[in-house]
Each structure stands twice: as structure tokens, then as C-alpha cells.
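What the coordinates show
Residues per chain are reported as follows:
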Amino acid sequence: MAGTAGTPGTPRVLRAMNDRAALDLLLEHGPLSRTRIGKLTGLSKPTASQLLARLEAAGLVLATGTTEGRPGPNAQLYEVNPAAAYAAGLDVTPERVLAAVADITGRTVGSFELPTPGRRPTQPVVRQVTDALDGAVKAAGLARDDIHRLVIGTPGAFDPNTGRLRYASHLPGWHTPALLDELAAALPMPVEYENDVNLAAVAEQRLGAARGHEDFVLLWNEGGLGAALVLGGRLHRGWTGGAGEVGFLPVPGAPLVRHVTKANSGGYQELAGSQAIPHLAGELGIGNIPSGPYAEVAAALVERAAAEDTVLNRKLLQTYATRLATGLASLVSVLDPELVVLSGASLTSGGEVLRALVQAELEELAASRPRLVVGDVREHPVLRGALESALATTRDEVFDTSR
């Protein structure tokens, strides 16, 4: 019935829309005056004043300083109250669980790393998750109940039809049928689960090289080779959550791998994954190959090859670029994206030198010619994406003043 509170176009809904617009502006620009908020939203000064008073009373904004030092009379500045809500993210690998807490503005206020070495977990997964989360919460000076929402990033994906983790047999302890129910029982906040490469794409879409792009592919190469597909501005996950598991992709130049889920590998992973780079360097006769985990060794070799222009280094990068473009050609031929973002240490360590080589190879192998860029979010992109994902939903809920 027209005029009912909460109906689109009614005063309550219009106020809530104006409130959200003002809060988004404060997040984007930082502290703003009443006059500036009015100009940016198109609201009159009295309406902007009422809006700020309403948001301040709700604990969503704070008065903070004045425009002292600028031309004209001093004006009160307002900012989003950082303590209005907190969100958390976890980045899970076989070697460790990395946790962080961010306030509603997106600032990280606490982090913690829990090592989990070995093929068999020394403690149950639920304990790993709660210990890592509690470590970050404690570092932030908060309690577990202060966290509004948690997003957990893992390799593979939880099948929405069965609730079981797929495509990540190398992640010990995470495949029990009751795991999601056990985590839900142990944690007081809503929990979401997302593929790690998808979260790296979220970070690039909101903070990095893919900002403003609706259709892009993020190619990830670090612990494993994978891709995230963003179509029409939204992540495409597929029926079982396995969209983008391109490490299993059969490609020319690599033997066919059968029973790929049991082998946890495939042609593209064998051809261009991080573990292939040290082998390639050895075959080329490149000396001084560092020791350590293959992902770190691969990144170091690629970084050195991009920095030191020698015949062997050029051969390494050119061969690697051809291998990467071989798999990418299949992806862009099917998806025709506007942009391809190269992410993960085994790609970003090559910088512009590697990017240009892959771009040139791809233009010869695929009819579609998307622009390739190196990812901007280099520090813990999966964790940053988990926080951004948790914050987006948290803001939608906390900033909704229509209720």
C-alpha cells in the first residue's frame, strides 16, 4: 500500500538511500564537512545537517576536527566511525592460516599467522580456524563477539550442492562432511567460504588493477595455477564452485593427466605452474637456483630473470611466457574478457618484462586480444580480498538505516 514505511519512494527509504550515499562518500574521500557532503549528494544544508545528526546518533559517524587552515570560516568535519563494526578474513594454505581483522573503514587493526606444517594437521581444522581468528582478534584489542562477519579463503571450493571441499586434495583436514556445520557451531558470527583465487580477484576489482572493469580474468600462479572469472561485474563460480580451476586444463605441450582430481594437477599446471619454473631453469643450464618451497624459488627465478638481461634469462622468460599464453588462449577464446590480471608471486615477480612477453604471445595464439596488466595488490591479496568481501556485506547490513 502506498505510503507504507519501507516502500520504495517513502521518506524512510529515501532517508536510508541518502544516509548510505553519505557514508559511501565518507569512506571514499575521508573526513568531509556538512557543506561538502551536501554538494556531493545534492542535499540542502538543512537536510545534510539532519542526515549527519541521524548518523551520529546511530554511532555510524563521528565529528572529527575542523577545516582549520583552509580559506573561509572553520567547519566541522565528519568521518565514518571506525568502531561501528569489524570484519575478519582468513587465508588458508597447507602451510599456514593467516587471519586479519579490519574496522568498517577497511583499515586492518589486527593480524595473526598460525603455522600448519605437515601433511597431517596437528590440531583439528576448527581449532586452527578459531586459534587463528582469536590471534587476530586479540591483536586488534577486541573480542570474538565483536566480529560482524568472517570470510575464509581456501584453495579449491566448497561444493554448494554437498558442502564438501573440492579441487584441493592437498589441504589436509578440510574434507570432512561435517566441517561447515562444526565451524558454524564454533563461531558466533556468519561465515562465508570462497576460493582463494576468487578473493584475489575481489581485491583487484575493489582496490587494484581491475577497478572499473566488469569483465576480466585473473590468472594466479603461486602455490597452484588457477583463474578467477568476473563476468558482468560478478564472480562466476560454476555449478560445483570449480569455475577457474584451470590448473586441470589439458593444453598442448604437456602430457594428458588422467584422474586429475586424484593427482591434484593437470596439463596447464604441469606446463606453467610454479613447480615447472625451477625444472625449466635447470634444463636451460641456469645456475645458482635457490633452495626452498617451489613457489618461492619460482618467484625468485622469475624476478632475477626479469632484472638481469642475459641470454639464458631471456630464454627462461620467453619459454615461460609461451607456456602461460598457451593456457590463456583457451580462456580468452571462450570468455572474451576485457582485461587479464596477472597475479600471484610467480607472475608479479616478472613485472612488466614478463607481462609484455605474455601479451605478445597471446596476441599470436588467440583471436581475442584483451589487455594484460600486472596485479596491484601484492601484499596478501587473498587475505585482502577476504576482508573486502566480508566488509562489503557488513557495510550493507550496518549502514542500512531503513530498519
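To be clear, the structure that these remarks concern was listed above.
Reference entry: report on the structure contained in this document. (Residues numbered from 1 in each chain as written. Predicted model: local features only at pLDDT ≥ 70, side-chain atom pairs only at ≥ 80, totals over all residues. Heavy atoms only, no water.)

Details of the overall build of the protein
- Of the regular secondary structure elements, the protein holds 14 helices and 15 strands.
- Counting across all 403 residues of the protein, residues that qualify as buried make up 49%.
- Taken as a whole, the protein presents about 18900 Å² of accessible surface, with 51% of it coming from carbon and sulfur.
- Averaging the locations of the 36 positively and 43 negatively charged side chains of the protein gives two centres separated by 3 Å. (Helix = DSSP H or I, 4+ residues; strand = E, 2+ residues; numbered from the N terminus. Buried < 20%, exposed > 50% of the residue type's maximum accessible area, 1.4 Å probe, protein only. Areas by Shrake-Rupley, 256 points an atom, 1.4 Å probe, with all protein chains shown as cover. Lys, Arg positive; Asp, Glu negative; His and termini not counted. Charge placed at Lys NZ, Arg CZ, Asp CG, Glu CD.)

Some thoughts on the sheet that holds strand 7 (residues 147-154)
- Strand order in the open sheet formed by five strands is 6-5-4-7-10, and the pairing between neighbours is mixed. A strand with exactly one partner marks an edge of an open sheet, and here the two such strands are strand 6 (108-115) and strand 10 (191-195). If you compare each strand with its neighbour and ignore which way they point, the axes differ by 15° on average.
- The strands that helix 6 (residues 196-207) touches are strand 7 and strand 10; relative to strand 10, the one it contacts most, it runs at about 95°. (Pairing = 2+ DSSP bridges. Axes fitted to C-alpha atoms, helices over the stretch in contact; angles between N-to-C directions. Contact = heavy atoms within 4.5 Å.)

Let's talk about the packing of helix 9 (residues 276-284) against helix 11 (residues 311-335)
- It is the contact of helix 9 with helix 11, at a shortest axis distance of 10 Å, that shows an interaxial angle of 140°. When the interaxial angle is binned, helix 9 and helix 11 end up oblique. Between helix 9 and helix 11 lies a crossing of right-handed hand. Taken together, the residues of helix 11 that come into contact with helix 9 (itself represented by Ala-276, Ile-277, Leu-280, Ala-281 and Leu-284) are Leu-312, Lys-315, Leu-316, Thr-319, Tyr-320 and Arg-323.
- Looking at the contact of helix 9 with helix 11, its residues break down into eight nonpolar, one polar and two charged. (Parallel < 35°, antiparallel > 145°, perpendicular 65-115°, else oblique. Left-handed = near helix turned anticlockwise from the far one by under 90°. Nonpolar A, V, L, I, M, F, W, Y, C, P; charged D, E, K, R; others polar.)

Let's talk about a negative patch on the surface
- A contiguous patch of negative charge, built from Glu-214, Asp-215, Asp-336 and Glu-338, is present on the exposed surface.
- By the secondary structure assignment, Glu-214 is in the loop between helix 6 and strand 11 (216-221).
- By relative accessible area, which is 43% here, Glu-214 ends up partly exposed. (Patch = residues over 30% accessible without salt bridge, like charges linked within 9 Å, V, L, I, M, F, W, Y side chains within 5 Å. Salt bridge = Lys/Arg side-chain N within 4 Å of Asp/Glu carboxyl O.)

Some thoughts on a positive patch on the surface
- Taken together, the side chains of Arg-34, Arg-36, Lys-39 and Lys-45 present a region of like positive charge at the surface.
- Looking at which element gives the most residues to the positive patch, the answer is helix 2 (residues 34-41), with three residues.
- Inspection of the secondary structure assignment puts Arg-34 in helix 2.

Examining the environment of Ala-186
- Tracing the sequence through the fold places Ala-186 in helix 5 (residues 179-186).
- Considering only alpha carbons, one finds Ala-186 and Arg-127, 59 residues apart in sequence, at a separation of 9.0 Å.
- Not counting residues up to four positions away in its chain, the partners in contact with Ala-186 are Val-126, Thr-130 and Arg-144.

What to know about the side chain of Glu-204
- Relative to the elements of secondary structure, Glu-204 occurs in helix 6.
- No salt bridge is formed by the buried Glu-204. Its closest oppositely charged neighbour is Arg-378, at 6.2 Å.
- In this structure Glu-204 touches Ala-209, Ala-210, Arg-211, Leu-218, Val-341, Gly-375, Asp-376 and Val-377, once residues within four positions along its chain are discounted.

Comments concerning the side chain of Arg-355
- You can see Arg-355 is positioned in helix 13 (residues 351-365).
- Within the structure, Arg-355 has its side chain in polar contact with the side chain of Glu-352 (distance 2.8 Å).
- A distance of 3.2 Å separates a polar atom in the side chain of Arg-355 from the backbone oxygen of Leu-372.
- Residue contacts for Arg-355: discarding those within four places in its chain leaves Leu-342, Leu-372, Val-373 and Val-374. (Polar contact = N/O pair within 3.5 Å; in protein donor to acceptor, adjacent residues only side chain to side chain.)

Quick look at the packing of helix 9 against helix 10 (residues 294-307)
- It is the contact of helix 9 with helix 10, at a shortest axis distance of 8 Å, that shows an interaxial angle of 55°. On the basis of the axis angle, helix 9 is oblique to helix 10. Together, Ile-277, Pro-278 and Ala-281 of helix 9 and Tyr-294, Val-297, Ala-298, Leu-301 and Val-302 of helix 10 make up the contact between the two elements.

Overview of the nonpolar core
- In terms of nonpolar packing, the biggest core is built from 39 residues, with Leu-219, Tyr-268, Leu-324, Leu-328, Leu-354 and Leu-362 touching the most fellow members.
- Among the elements that make up this core, the one with the highest residue count is helix 11 (10 residues).
- Among all residues touching Leu-354, those that are not within four sequence positions of it are Val-302, Leu-317, Tyr-320, Ala-321, Leu-324, Ser-346 and Leu-347.
- Ala-88, Ile-147, Ile-152 and Phe-158 belong to the second largest nonpolar core, which has 28 residues in total. (Core = buried A, V, L, I, M, F, W, Y, C linked by side-chain atoms within 4.5 Å.)

Looking at the sheet that holds strand 2 (residues 61-66)
- The sheet built from three strands is open, its strands ordered 1-3-2 with antiparallel pairing. Taken across any chain shown, the strands that pair with only one partner, and hence form the sheet edges, are strand 1 (32-33) and strand 2.
- Two strands pair when backbone bridges link them, and strand 2 and strand 3 (residues 76-80) are joined in this way by four bridges, in the antiparallel orientation. Its bridge partner being in strand 3, Ala-63 is matched across the sheet by Tyr-78.
- Strand contacts of helix 3 (residues 45-57): strand 2 and strand 3, with the helix running at about 115° to strand 2, the strand carrying the most contacts.

None of the figures reported here should be taken as evidence of function without further support.
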